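Letter by letter, the chains look like this.
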Amino acid sequence: MKRISRNLLAVTATASLVTLTGCAGGSSIEEPPLLSEIDELMWDTMLAEESVTINADIEMLNEGQSDEMFSEVFGGESMGATIYGPLDGSATAVGFGDTDLLRAFGNEEAYMSGDGLLALFGSQGLGEEEQEQLDAVAEEFADPWIDMSEDFADEGEEFKISEIFETIQDGWNGEDDDTPIDRAEISDEGTHEVRDDIDVWVYAGESEGQELVLVADHDAPKFYEISDGDNSMKFSDWSETASPERPEEANIITQDEAQQLIMEAIMSSAFSQ
(Lines give C-alpha, C1' and ligand atoms only; values in the text may rest on other atoms or scores of the structure.)
Protein backbone atom coordinates (compact mmCIF):
# COMPACT_ATOMS: atom_id res chain seq x y z
CA MET A 1 0.00 0.00 0.00
CA LYS A 2 2.82 2.40 0.89
CA ARG A 3 4.57 1.72 -2.46
CA ILE A 4 1.35 2.34 -4.40
CA SER A 5 0.72 5.57 -2.51
CA ARG A 6 4.24 6.80 -3.19
CA ASN A 7 3.98 5.92 -6.89
CA LEU A 8 0.64 7.70 -7.14
CA LEU A 9 2.06 10.73 -5.40
CA ALA A 10 5.04 10.79 -7.78
CA VAL A 11 2.82 10.56 -10.87
CA THR A 12 0.50 13.29 -9.56
CA ALA A 13 3.42 15.58 -8.76
CA THR A 14 4.96 15.04 -12.19
CA ALA A 15 1.67 15.77 -13.93
CA SER A 16 1.20 18.93 -11.89
CA LEU A 17 4.72 20.07 -12.72
CA VAL A 18 4.15 19.52 -16.45
CA THR A 19 0.87 21.46 -16.28
CA LEU A 20 2.44 24.36 -14.43
CA THR A 21 5.40 24.42 -16.81
CA GLY A 22 3.06 24.45 -19.80
CA CYS A 23 1.04 27.34 -18.38
CA ALA A 24 4.13 29.36 -17.58
CA GLY A 25 5.77 28.86 -20.94
CA GLY A 26 2.71 28.94 -23.19
CA SER A 27 1.60 32.01 -25.13
CA SER A 28 -1.91 33.37 -25.01
CA ILE A 29 -3.96 34.50 -27.98
CA GLU A 30 -3.61 38.07 -26.74
CA GLU A 31 0.17 37.85 -27.22
CA PRO A 32 0.89 37.93 -30.97
CA PRO A 33 4.19 36.30 -31.96
CA LEU A 34 6.68 38.10 -34.13
CA LEU A 35 5.75 37.64 -37.77
CA SER A 36 9.24 36.38 -38.48
CA GLU A 37 8.69 33.59 -35.94
CA ILE A 38 5.58 32.20 -37.66
CA ASP A 39 6.29 33.09 -41.29
CA GLU A 40 7.12 29.57 -42.48
CA LEU A 41 4.45 27.96 -40.29
CA MET A 42 1.84 30.34 -41.69
CA TRP A 43 2.47 29.27 -45.29
CA ASP A 44 2.72 25.58 -44.43
CA THR A 45 -0.57 25.79 -42.54
CA MET A 46 -2.48 27.47 -45.36
CA LEU A 47 -1.21 25.24 -48.14
CA ALA A 48 -2.10 22.18 -46.05
CA GLU A 49 -5.75 23.27 -45.71
CA GLU A 50 -8.36 21.44 -47.78
CA SER A 51 -10.46 24.38 -48.99
CA VAL A 52 -11.17 28.08 -48.52
CA THR A 53 -13.44 30.94 -49.58
CA ILE A 54 -11.85 34.17 -50.78
CA ASN A 55 -13.75 37.45 -51.09
CA ALA A 56 -11.65 40.09 -52.77
CA ASP A 57 -11.65 43.31 -54.73
CA ILE A 58 -10.74 42.64 -58.36
CA GLU A 59 -7.81 45.05 -58.25
CA MET A 60 -6.16 43.01 -55.51
CA LEU A 61 -6.76 39.73 -57.34
CA ASN A 62 -5.15 41.19 -60.45
CA GLU A 63 -2.03 41.93 -58.43
CA GLY A 64 -1.88 38.29 -57.42
CA GLN A 65 -2.60 36.88 -60.89
CA SER A 66 0.02 37.54 -63.56
CA ASP A 67 -2.23 36.14 -66.30
CA GLU A 68 -4.91 38.75 -65.49
CA MET A 69 -7.52 36.01 -65.58
CA PHE A 70 -9.81 37.84 -63.22
CA SER A 71 -9.60 41.18 -65.01
CA GLU A 72 -10.64 39.43 -68.22
CA VAL A 73 -13.55 37.66 -66.55
CA PHE A 74 -14.85 40.75 -64.81
CA GLY A 75 -13.93 43.32 -67.44
CA GLY A 76 -11.53 45.17 -65.16
CA GLU A 77 -14.39 46.83 -63.30
CA SER A 78 -14.06 47.78 -59.65
CA MET A 79 -16.14 45.10 -57.96
CA GLY A 80 -15.82 42.22 -55.58
CA ALA A 81 -15.26 38.61 -56.54
CA THR A 82 -15.72 35.36 -54.67
CA ILE A 83 -13.47 32.37 -55.29
CA TYR A 84 -14.10 29.16 -53.42
CA GLY A 85 -13.34 25.47 -53.48
CA PRO A 86 -10.62 22.92 -52.67
CA LEU A 87 -7.04 24.15 -52.85
CA ASP A 88 -6.07 21.25 -55.10
CA GLY A 89 -8.09 22.70 -57.98
CA SER A 90 -10.39 19.70 -58.35
CA ALA A 91 -13.35 22.11 -58.30
CA THR A 92 -13.18 25.90 -58.26
CA ALA A 93 -15.89 28.53 -58.56
CA VAL A 94 -15.49 32.21 -59.43
CA GLY A 95 -18.38 34.60 -59.03
CA PHE A 96 -19.65 37.76 -57.42
CA GLY A 97 -22.25 38.26 -54.72
CA ASP A 98 -24.23 35.05 -54.36
CA THR A 99 -23.93 34.15 -58.06
CA ASP A 100 -21.32 31.81 -59.51
CA LEU A 101 -20.09 32.95 -62.91
CA LEU A 102 -17.66 30.15 -63.67
CA ARG A 103 -17.10 26.67 -62.29
CA ALA A 104 -14.02 24.74 -63.31
CA PHE A 105 -13.07 21.15 -62.58
CA GLY A 106 -9.36 20.53 -62.98
CA ASN A 107 -8.14 21.67 -66.38
CA GLU A 108 -10.64 19.61 -68.37
CA GLU A 109 -14.08 21.02 -67.55
CA ALA A 110 -15.36 24.58 -67.26
CA TYR A 111 -18.90 25.93 -67.29
CA MET A 112 -20.12 29.52 -67.39
CA SER A 113 -23.44 30.31 -65.78
CA GLY A 114 -25.91 31.96 -68.14
CA ASP A 115 -27.62 33.59 -65.20
CA GLY A 116 -24.30 34.80 -63.79
CA LEU A 117 -23.21 36.11 -67.17
CA LEU A 118 -26.37 38.21 -67.52
CA ALA A 119 -26.02 39.48 -63.96
CA LEU A 120 -22.46 40.53 -64.75
CA PHE A 121 -23.57 42.37 -67.88
CA GLY A 122 -26.35 44.01 -65.93
CA SER A 123 -23.86 45.46 -63.46
CA GLN A 124 -22.00 47.33 -66.20
CA GLY A 125 -24.38 50.28 -66.51
CA LEU A 126 -25.98 49.41 -69.86
CA GLY A 127 -27.83 51.81 -72.10
CA GLU A 128 -31.58 51.53 -72.63
CA GLU A 129 -31.33 49.48 -75.84
CA GLU A 130 -28.68 47.18 -74.42
CA GLN A 131 -30.75 46.66 -71.27
CA GLU A 132 -33.78 45.71 -73.38
CA GLN A 133 -31.72 43.10 -75.21
CA LEU A 134 -30.47 41.76 -71.89
CA ASP A 135 -34.00 41.53 -70.52
CA ALA A 136 -35.05 39.66 -73.67
CA VAL A 137 -32.70 36.76 -72.99
CA ALA A 138 -32.99 36.75 -69.18
CA GLU A 139 -35.63 34.02 -69.00
CA GLU A 140 -33.81 31.76 -71.46
CA PHE A 141 -30.59 32.02 -69.46
CA ALA A 142 -31.98 31.51 -65.97
CA ASP A 143 -30.82 27.88 -65.75
CA PRO A 144 -28.34 26.99 -68.55
CA TRP A 145 -24.61 26.54 -68.03
CA ILE A 146 -22.47 27.15 -71.10
CA ASP A 147 -19.82 24.49 -71.69
CA MET A 148 -16.46 26.25 -71.99
CA SER A 149 -14.38 23.09 -71.53
CA GLU A 150 -12.89 23.00 -75.02
CA ASP A 151 -11.58 26.57 -74.86
CA PHE A 152 -10.44 25.98 -71.31
CA ALA A 153 -8.41 22.91 -72.26
CA ASP A 154 -6.99 24.51 -75.44
CA GLU A 155 -5.65 27.47 -73.47
CA GLY A 156 -4.13 25.19 -70.86
CA GLU A 157 -5.96 27.00 -68.08
CA GLU A 158 -6.03 25.41 -64.66
CA PHE A 159 -7.92 26.86 -61.72
CA LYS A 160 -6.20 26.12 -58.46
CA ILE A 161 -6.81 28.29 -55.44
CA SER A 162 -3.45 27.12 -54.15
CA GLU A 163 -1.87 29.00 -57.05
CA ILE A 164 -3.21 32.24 -55.62
CA PHE A 165 -1.33 31.53 -52.42
CA GLU A 166 1.78 30.44 -54.28
CA THR A 167 1.75 33.67 -56.30
CA ILE A 168 1.27 35.75 -53.16
CA GLN A 169 4.07 33.80 -51.49
CA ASP A 170 6.43 34.48 -54.39
CA GLY A 171 5.81 38.20 -53.94
CA TRP A 172 6.07 37.83 -50.17
CA ASN A 173 9.53 36.31 -50.61
CA GLY A 174 10.60 39.00 -53.07
CA GLU A 175 10.49 36.72 -56.12
CA ASP A 176 7.62 38.55 -57.85
CA ASP A 177 6.64 42.23 -57.90
CA ASP A 178 2.98 41.49 -58.70
CA THR A 179 1.65 40.65 -55.27
CA PRO A 180 -1.10 41.94 -52.97
CA ILE A 181 1.31 42.13 -50.05
CA ASP A 182 5.02 42.82 -49.62
CA ARG A 183 6.66 41.27 -46.56
CA ALA A 184 9.25 44.04 -46.45
CA GLU A 185 6.47 46.58 -45.84
CA ILE A 186 4.78 44.70 -42.98
CA SER A 187 5.71 45.17 -39.32
CA ASP A 188 7.20 42.21 -37.50
CA GLU A 189 5.19 43.07 -34.39
CA GLY A 190 1.44 42.57 -34.23
CA THR A 191 -1.49 43.49 -32.04
CA HIS A 192 -4.46 41.43 -30.90
CA GLU A 193 -7.98 42.33 -32.03
CA VAL A 194 -11.38 40.68 -32.32
CA ARG A 195 -13.06 41.00 -35.73
CA ASP A 196 -16.39 39.36 -36.52
CA ASP A 197 -16.09 37.53 -33.19
CA ILE A 198 -12.78 36.00 -34.31
CA ASP A 199 -9.46 36.54 -32.50
CA VAL A 200 -6.93 37.91 -34.96
CA TRP A 201 -3.42 39.28 -35.03
CA VAL A 202 -2.95 42.50 -36.97
CA TYR A 203 0.43 43.35 -38.50
CA ALA A 204 0.41 46.90 -39.82
CA GLY A 205 2.07 48.00 -43.05
CA GLU A 206 4.07 51.09 -43.89
CA SER A 207 1.18 52.92 -45.57
CA GLU A 208 -2.20 53.84 -44.08
CA GLY A 209 -4.71 51.00 -44.20
CA GLN A 210 -2.10 48.45 -45.24
CA GLU A 211 -2.15 45.39 -43.01
CA LEU A 212 -1.87 41.64 -42.75
CA VAL A 213 -4.48 40.07 -40.49
CA LEU A 214 -4.05 36.47 -39.33
CA VAL A 215 -6.35 34.08 -37.52
CA ALA A 216 -4.88 34.05 -34.01
CA ASP A 217 -3.59 30.51 -33.60
CA HIS A 218 -0.06 29.82 -32.41
CA ASP A 219 -0.15 26.32 -33.89
CA ALA A 220 -1.85 27.14 -37.19
CA PRO A 221 -1.80 30.84 -38.15
CA LYS A 222 -3.41 31.66 -41.50
CA PHE A 223 -4.74 34.58 -43.50
CA TYR A 224 -7.88 36.31 -42.27
CA GLU A 225 -7.51 39.44 -44.41
CA ILE A 226 -4.99 41.33 -46.52
CA SER A 227 -5.48 45.03 -47.16
CA ASP A 228 -3.52 47.67 -49.04
CA GLY A 229 -5.72 50.54 -47.85
CA ASP A 230 -7.99 50.75 -50.89
CA ASN A 231 -8.62 47.07 -51.57
CA SER A 232 -8.83 43.94 -49.50
CA MET A 233 -8.81 40.16 -49.76
CA LYS A 234 -10.61 38.20 -47.06
CA PHE A 235 -10.28 34.48 -46.31
CA SER A 236 -12.89 32.36 -44.54
CA ASP A 237 -14.23 28.84 -43.98
CA TRP A 238 -10.79 27.24 -44.05
CA SER A 239 -11.26 23.50 -44.78
CA GLU A 240 -15.03 23.98 -44.34
CA THR A 241 -15.83 25.48 -47.75
CA ALA A 242 -18.17 23.29 -49.77
CA SER A 243 -16.91 22.13 -53.16
CA PRO A 244 -18.69 23.62 -56.21
CA GLU A 245 -21.07 21.16 -57.86
CA ARG A 246 -21.12 20.25 -61.52
CA PRO A 247 -24.15 21.61 -63.36
CA GLU A 248 -26.86 19.08 -64.13
CA GLU A 249 -26.40 17.50 -67.53
CA ALA A 250 -29.82 18.69 -68.66
CA ASN A 251 -28.80 22.31 -68.04
CA ILE A 252 -25.51 22.24 -69.98
CA ILE A 253 -25.52 23.85 -73.44
CA THR A 254 -22.82 24.46 -76.01
CA GLN A 255 -21.50 27.89 -76.95
CA ASP A 256 -23.26 27.62 -80.32
CA GLU A 257 -26.54 26.84 -78.57
CA ALA A 258 -26.03 29.83 -76.28
CA GLN A 259 -25.50 32.15 -79.24
CA GLN A 260 -28.59 30.75 -80.93
CA LEU A 261 -30.69 31.35 -77.81
CA ILE A 262 -29.45 34.92 -77.63
CA MET A 263 -30.27 35.62 -81.28
CA GLU A 264 -33.71 34.01 -81.07
CA ALA A 265 -34.61 35.93 -77.92
CA ILE A 266 -33.41 39.25 -79.35
CA MET A 267 -35.23 38.69 -82.65
CA SER A 268 -38.41 37.66 -80.85
CA SER A 269 -38.24 40.79 -78.71
CA ALA A 270 -37.65 43.00 -81.76
CA PHE A 271 -40.67 41.62 -83.64
CA SER A 272 -42.94 41.94 -80.63
CA GLN A 273 -42.36 45.68 -80.37
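Rules behind the numbers
Residues numbered from 1 in each chain as written. Predicted model: local features only at pLDDT ≥ 70, side-chain atom pairs only at ≥ 80, totals over all residues. Heavy atoms only, no water. Helix = DSSP H or I, 4+ residues; strand = E, 2+ residues; numbered from the N terminus. Buried < 20%, exposed > 50% of the residue type's maximum accessible area, 1.4 Å probe, protein only. Contact = heavy atoms within 4.5 Å. Phe/Tyr/Trp six-rings, centres within 6.5 Å; stacked < 30°, edge-to-face > 60°. Core = buried A, V, L, I, M, F, W, Y, C linked by side-chain atoms within 4.5 Å.

For the rest of this paragraph, the subject is the environment of Glu193. Checked against the element boundaries, Glu193 lands in strand β7 (residues 191-195). Glu193 sits in the partly exposed class, given a relative accessible area of 30%. Aside from chain neighbours lying at most four places away, what touches Glu193 is Ile198, Asp199, Val200 and Val202.

Geometry of an aromatic ring pair is reported as the spacing of the ring centres plus the angle between the planes. Under the defined criterion, the tally for this structure stands at eight aromatic pairs. With 5.6 Å between their ring centres and 45 degrees between their planes, Phe165 and Trp238 make a pair best called tilted. Of this pair, Phe165 sits in helix α8 (residues 161-172) while Trp238 is found in the loop between β11 (232-236) and β12 (252-253), placing the two residues 73 residues apart along the sequence. For the pair formed by Phe165 and Trp238, the shared burial category is buried.

With that settled, consider the nonpolar core. Ile54, Phe165, Leu212, Phe223, Met233 and Phe235 are the most contacted members of the largest nonpolar core, which totals 48 residues. Not counting chain neighbours up to four residues away, the residues in contact with Phe223 comprise Met42, Trp43, Met46, Phe165, Ile168, Leu212, Val213, Leu214, Val215, Phe235 and Trp238.

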